[in-house]
Amino acid sequence: MKDIKVIGIPFDFGQDHIGVRLAPHVLREANLIPRLQNIVKTEDLGDIIFPFKLVEAKKDKYIKHSLGAGLGTKAISDRLEEEDLSKSFLLNVGGDHGLGLGTIHGLLSHHPESVVVWADAHGDINTPETSPSGNFHGMPLAFLLGLSQHPHFGWIRRKLLPNKLIFFGPRDLDEGEKDIIARHNIQYYSSEDINRLGAKEVIEMALHKADPFGICPIHLSFDVDVFDQMDIDSTGTKVPYGPKLEELFLMGGVLAETGRLKSMDLVELNPQIGDAASVERSIALVLEFVEATLGQVFHAGKEKKPMPAMLEARTTSGRYL
Ligand SMILES: NC(=[NH2+])NCCC[C@H](N)C(=O)O
Ligand SMILES: [Mn+2]
């Protein structure tokens, strides 16, 4: 890989907060692009444009904003499909996690054998029928695996195989999700597993099971709510008992060191949640995670840079005392 391509995806049809659509903008304001330029040549492809959420004329019984979610994810997939990614690392900056249907569907056209690591406090694998909330950001994986049908998602034509999916850090699963995960035998490592077995060991074991020959490209779909709620404030669906900061940074590093990490979603940062200081801390932490992971993708084995935002989060969170 020669360079990084960044695409902003202010997709917010997956849940009710509108602040997530501001994240690509605030991350650029916080110097996302120059910081990546320090690692390797980086091109900002700009944003995919979506209409604002409208009050739904007729409420869908199962999926809120289903028309926006269906058309929006199709637009994302089409956009990524036409992009030349042969020499580039792709960073998709969301937006809510519903966009993962679009990004991964689009990426599967380039790398049909991809392994997907879903780092998240949640499963995001509800079908419209099992979803307790009707929020599409809790459903993208069920569509990707071909477990859900809906008229606004009739465009879906690729499938992610359940054995290519790895959950890292989930701790808030709905009953229907637990069923789906068990039925399809999907790899699942909770914060407790990670703590007990070690982040490096867990991720290596998981990759080995998903891809025994170690040849498949890897996509990391990183929901910032995978961080413990004490470590990050500016996200819409926080959950306690997350993996430790070090464990998450290590996971990013181990994926990078395989040499096969080709793309990443960064989702659910919401700069409208939390006071000014915690918004600033959240942004700094997220940027540092991206920087540390991509630093390892392009300069594996080199000495790591100091991580002030992580240390700051450690001292303010009260979790590591
Ligand atoms: N990407 C997220 N933050 N997802 C939260 C999903 C929460 C819950 N499981 C639901 O289906 O509504
Ligand atoms: Mn998620």
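What counts and what doesn't
Residues numbered from 1 in each chain as written. Chains lettered and ligands numbered in written order. Predicted model: local features only at pLDDT ≥ 70, side-chain atom pairs only at ≥ 80, totals over all residues. Heavy atoms only, no water. UniProt positions renumbered as here; feature names shortened; annotations may be inferred. Helix = DSSP H or I, 4+ residues; strand = E, 2+ residues; numbered from the N terminus. Buried < 20%, exposed > 50% of the residue type's maximum accessible area, 1.4 Å probe, protein only. Contact = heavy atoms within 4.5 Å. Polar contact = N/O pair within 3.5 Å; in protein donor to acceptor, adjacent residues only side chain to side chain. Near = heavy atom within 4 Å. Areas by Shrake-Rupley, 256 points an atom, 1.4 Å probe, with all protein chains shown as cover. Nonpolar A, V, L, I, M, F, W, Y, C, P; charged D, E, K, R; others polar. Donors = N, O, S within 2.8 Å, 3.2 Å for Na, K, Ca; no water. Expected span 1.5 Å × (residues − 1). Arc of directions from axis to C-beta.

A. Expanded view of the UniProt feature "binding site: Mn(2+) 2" (unreviewed entry) in the chain. Feature annotation in UniProt assigns "binding site: Mn(2+) 2" (unreviewed entry) to the following positions: Asp124. Residue placement: Asp124 occurs in the loop between β4 (115–119) and α5 (140–144). Given a relative accessible area of 5%, Asp124 falls into the buried group. If sequence neighbours within four positions are ignored, Asp124 has contacts with His97, Trp118, His137, Gly138, Met139, Pro140, Leu141, Ala142, Glu177 and Asp223. A distance of 3.3 Å separates the side chain of Asp124 from the side chain of Trp118, its partner in a polar contact.

B. Examining the environment of Tyr241 more closely. Note on placement: Tyr241 falls in the loop between β7 (218–223) and α9 (245–257). Taking relative accessible area as the criterion, Tyr241 reaches 68% and is therefore assigned exposed. For Tyr241 and Val226, which are 15 residues apart along the polypeptide, the C-alpha to C-alpha distance reads 9.6 Å. If near-sequence neighbours (up to four positions away) are discounted, Tyr241 is found in contact with Arg171, Ser191, Asp228 and Arg319.

C. A look at the site of ligand 1. Near ligand 1 lie 14 residues; those nearest to it are Asp124, Asn126, Ser133, Asp174 and Thr237. A distance of 2.9 Å separates a nitrogen atom of ligand 1 from a polar atom in the side chain of Asp124. Glu268 has a polar side-chain atom sitting 3.4 Å from a nitrogen atom of ligand 1. Relative to its free-state accessible area of 350 Å², ligand 1 is covered by the protein chains to the extent of 94%. Residues of the shell around ligand 1, tallied by class, amount to one nonpolar, seven polar and six charged.

D. Up close: the coordination of the manganese ion (ligand 2). Distances from the manganese ion (ligand 2) to its protein donors, namely His97 (ND1), Asp120 (OD), Asp124 (OD) and Asp223 (OD), fall within the range 1.9 to 2.3 Å. The motif formed by the donor residues of the manganese ion (ligand 2), counted along the single chain, is H-x22-D-x3-D-x98-D. On the criterion of sequence distance, the pair formed by His97 in the loop between β3 (88–94) and α4 (100–110) and Asp124 in the loop between β4 and α5 is long-range, its members being 27 residues apart. Given the relative accessible area of 0%, His97 is considered buried.

E. Local environment of helix α10 (residues 276–298). An ideal rise of 1.5 Å per residue puts 33 Å on 23 residues; α10 measures up with 33 Å between its terminal C-alpha atoms. α10 sits mainly inside the fold: 17 of its 23 residues count as buried.

F. Representation of helix α11 (residues 308–317) within the structure. Listing the buried residues of α11 in full gives Ala309, Met310, Ala313 and Ser317. Taken around the axis of α11, the buried residues stretch over an arc of 100 degrees, which confines them to a single face. Among the exposed residues of α11, those oriented more than 90 degrees off its buried face are Pro308, Leu311 and Thr315. Contacts made by the buried residues of α11 are with α9 and α10.

G. Expanded view of the UniProt feature "binding site: Mn(2+) 1" (unreviewed entry) in the chain. Annotation from UniProt places "binding site: Mn(2+) 1" (unreviewed entry) at His97, Asp120, His122, Asp223 and Asp225. Across 129 residues of sequence, these annotated residues stay compact in space, with a maximum C-alpha separation of 10.4 Å. Residue position: Asp120 is located in the loop between β4 and α5. Given the relative accessible area of 0%, Asp120 is considered buried. Beyond its immediate chain neighbours, meaning those up to four positions away, Asp120 contacts His97, Phe168, Gly169, Pro170, Asp223, Asp225 and Val226. Relative to the assigned elements, His122 resides in the loop between β4 and α5. Among the residues examined, His122 registers a relative accessible area of 13% and is labelled buried. The residues touching His122, leaving out its near neighbours within four places in the chain, are Phe167, Pro170, Asp172, Leu173, Asp225, Thr237 and Val239.

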